[in-house]
Amino acid sequence: MNQYLFQQLINGLALGSLYALVAIGFSMIYGIVRLINFAHGDLVMIGAFSTLALVTAGVPWPLILVFVLAIGAIAGMTIETIVFRPIRGASQVTGFIATLAVSIAIQNSALMILSGQPRNFLFPAFMRQRVGFGGVNASLTDIAIIVLTLLLIGGLFLVVYRTRLGTAMRATAENLTAARLMGVAVNRTILAAFAIGSALAAVSGLFWGGKFGQIDPLLGFVPGLKAFVACVIGGVGSIGGAMLGGYILGLAEVLFVGLLPQEFSGYRDTFVFLLLIVILLIRPSGLFVRQTEERA
Amino acid sequence: MLEVRDLNVYRGATHVLKGVSFDVRQGQLAALIGANGAGKSTTLLTLSGLLRPRSGSALLHIENETLDLTRMSSEKIVRAGLIHCPEGRQIFQSLSVAENLDMGAYTQRDRAEVRRTMEEVHTLFPILAERANVAAGSLSGGEQMMVAIGRALLAKPKMLLLDEPSLGLAPLVVETIFDVIQRLKSTGVTILLIEQNAAMALEIADSAYVMENGNIVLSGTGKELASNDRVRQSYLGVTA
């Protein structure tokens, strides 16, 4: 394979992995509480800065990965418990505004504590190496992101489709009242969805720092927005759809930059949103959801 | 087994249940009949903890315990053995038939016992074993009702609340469902049944209550109500 194409493919898959991880949590949370959670992207930032703090403290990398998952889960559960649970049952607009408020609160607290100055992400030098396969090569960071993301998503699918908790989560997402009649402690199931989704977002913050090298308190905005787009492309509320939406978005962005003339590459987001509009015109409920009524 | 006293329930600003009182004795089948909007479903939703009454109590006597359902979470009520099979079936359409039945057994810890009950349900409704891995939403209405009842059975009910089990089903399926209800009763499960099909309900009921505008207006045995003139005219379609 041509080195240039291969490089673009790996790059797109790595970027798509980041979007997929954020989009999956976004979709899980929407699926279960019908909340468009605009604070979800800020968990990426929390994950990135937690990683930086743990690296500075000298914690070994495999442990950092575990800690970042745990920190994300705890942050997500905290937000759900103190902000979203009390307004459960309120109108969707109330919920939506509450998520914006949480996002603004997180971003500004981070700005006050950490300052707006971008920081260098301390990633081990060997991760910057390139590894070759038969005439082509790719960065170890990108490969690690792609492989770890696949493992995490595989684990998630096992939880969601093969465990009692996962079945209860899917049942609650489909019909909350019926789930309560089965004796499901619905609040605990919702908490679990927030924990899992937020853990995945936080770990994508670790990857984000590794891939781009610099982090700042507002970095969550872009992945949050892209996750929303990925969900809409794949069909909001569907986990598999969100994942594929993330990969499509990542690959599309890289392809736009790679294939369009140089002077357009600064506008790649324009093309991304054009793609979104075209997909919504053709398949309003997303690419991977059967065309049915809007899930109220 | 169940003692409902002076329940007052509001939905929004509407006073739906206006001091409802009735009893269901252990091992009996009680029927609650009445027109649409009389408050029958609201009564069941209050008993299963999904609605909170403004005042009144609903005492469930199980073994040597007395529980006030109006103060318990729906989760605890299910664990206590009061199972509600809701109106419109409310099965999980996107889950497989097997997963729906598993959800019924959600509170059950004894896996061997769950397997035994699962076999009983499969014997009762062989189609559920055949279609175990199919999305429940793709089944016919009658089969979906079987999923809903099977799911309730897997929760090991001591008392079962059934809301309109015959609604929208073909007569043959209705008969199957009523057979199962009677068979359940013979195994000692106490049943509170809401039915539009008042004739069938009164035929199998030990006791029955007629509800109008949020009040119980008549009560008696199933036979008594079936021969009551007012019931015959309003609910059985017999002209005087």
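Note that the structure is a prediction, hence the values are computed from the model and not measured.

Trainee: Before we move on, can you summarise the overall build of chain B with the specific residues and values?
Mentor: Helix and strand content of chain B: 10 helices and 10 strands. Over its C-alpha trace chain B gives a radius of gyration of 18 Å, about what one expects of a compact globule, namely 18 Å for 240 residues. Expressed as lengths along the three principal axes of its C-alpha atoms, the size of chain B is roughly 50 × 40 × 35 Å. Per-residue burial for chain B yields a buried fraction of 45% across its 240 residues. When contacts within chain B are restricted to residue pairs at least 6 apart in sequence, those whose partners lie at least 24 apart make up 66%.

Trainee: Lay out the packing of helix α1 (residues 3–33) of chain A against helix α9 (residues 221–234) of chain A with the relevant residues and their values.
Mentor: Residue and element names in this part refer to chain A. It is at 8 Å that the axes of α1 and α9 come closest, and there the two elements cross at 70 degrees. Between α1 and α9, the angle falls in the class roughly perpendicular. Residues L18, Y19, A20, V22, A23, F26 and S27 of α1 pack against P223, G224, K226, A227, F228, A230 and C231 of α9. When its residues are assigned to classes, the contact of α1 with α9 shows 11 nonpolar, 2 polar and 1 charged.

Trainee: Before we move on, can you summarise the interface of chain B and chain A with the specific residues and values?
Mentor: Taken together, the contact pairs 19 residues of chain B with 14 residues of chain A. Elements represented by at least two residues in the side of chain B that touches chain A include exactly α2 (74–80) and α3 (97–104) of chain B. Residue classes in the side of chain B that touches chain A are distributed as 7 nonpolar, 8 polar and 4 charged.

Trainee: Which residues make up the sheet that holds strand β7 (residues 159–163) of chain B, and what values do they have?
Mentor: Residues and elements named next belong to chain B. Pairing in this open sheet of 6 strands is mixed, and the strands run β6-β7-β8-β3-β9-β10 from one edge to the other. Two strands close off the open sheet at either side, each with one partner strand: β6 (82–85) and β10 (215–221). The mean inter-strand angle of the sheet, taken between neighbouring strand axes irrespective of direction, is 15 degrees. Bridge count between strand β3 (residues 29–34) and strand β9 (residues 207–212): 5 bridges; the pairing is parallel.

Trainee: Could you give an account of unusual backbone geometry, with specific residues and numbers?
Mentor: Leave glycine aside and you will find that most residues have negative phi; peptide bonds, for their part, are mostly trans. All names here are of chain B. Look at R89: it is not a glycine, yet its phi comes out positive at around 70 degrees. Relative to the helices and strands, R89 resides in the loop between β6 and α3. The class of R89 is buried, set by 23 C-beta atoms lying within 10 Å. Unusually for a residue other than glycine, Q90 sits at a positive phi of about 50 degrees.

Trainee: Go over the pairing of strand β8 (residues 190–194) of chain B with me, naming the residues and quoting the values.
Mentor: Residue and element names in this part refer to chain B. Extensive coverage of β8 is indicated by the burial of 5 of its 5 residues. The sheet contact formed by β7 and β8 spans 5 bridges and is parallel. Looking across to β8, one finds that M159 is bridged to T190. Considered for its hand, the β-α-β crossover made up of β7, helix α7 (residues 171–186) and β8 is right-handed.

Rules and cut-offs
- Residue numbers run consecutively from 1 along every chain, following the written order of its sequence.
- Both sets of labels track the order of writing: A upward for chains, 1 upward for ligands.
- Residues qualify for local features only when their pLDDT is at least 70, as the model is predicted, and side-chain atom pairs are given and counted only at 80 or more; totals for whole chains, interfaces and linings, by contrast, use all residues.
- Put simply, DSSP marks the helices as runs of H or I at least four residues long and the strands as runs of E at least two long, and each gets a number from the N terminus on.
- Throughout, radius of gyration means the C-alpha value; the globule benchmark is 2.2 Å times the number of residues raised to the power 0.38.
- Any residue whose C-beta has 12 or fewer other C-beta atoms within 10 Å is treated as exposed, any with 20 or more as buried, and any in between as partly exposed, C-beta atoms being built from the backbone.
- Two residues qualify as a contact pair if the distance between their C-beta atoms, derived from the backbone, is within 7 Å.
- Think of each axis as a best-fit line through the C-alpha atoms, taken over the contacting stretch in the case of a helix, with angles from 0 to 180 degrees between the N-to-C directions.
- We call two directions roughly parallel when the angle between them is under 35 degrees, roughly antiparallel when it is over 145, roughly perpendicular when it lies between 65 and 115, and oblique otherwise.
- Under the scheme applied, nonpolar residues are Ala, Val, Leu, Ile, Met, Phe, Trp, Tyr, Cys and Pro; charged residues are Asp, Glu, Lys and Arg; polar residues are all the others, including Gly.
- Here, a strand pair is defined by DSSP locating no fewer than two bridges between the strands.
- The handedness rule is simple: strands pointing away from the viewer, and a clockwise path from the first strand over the helix to the second, make the crossover right-handed.

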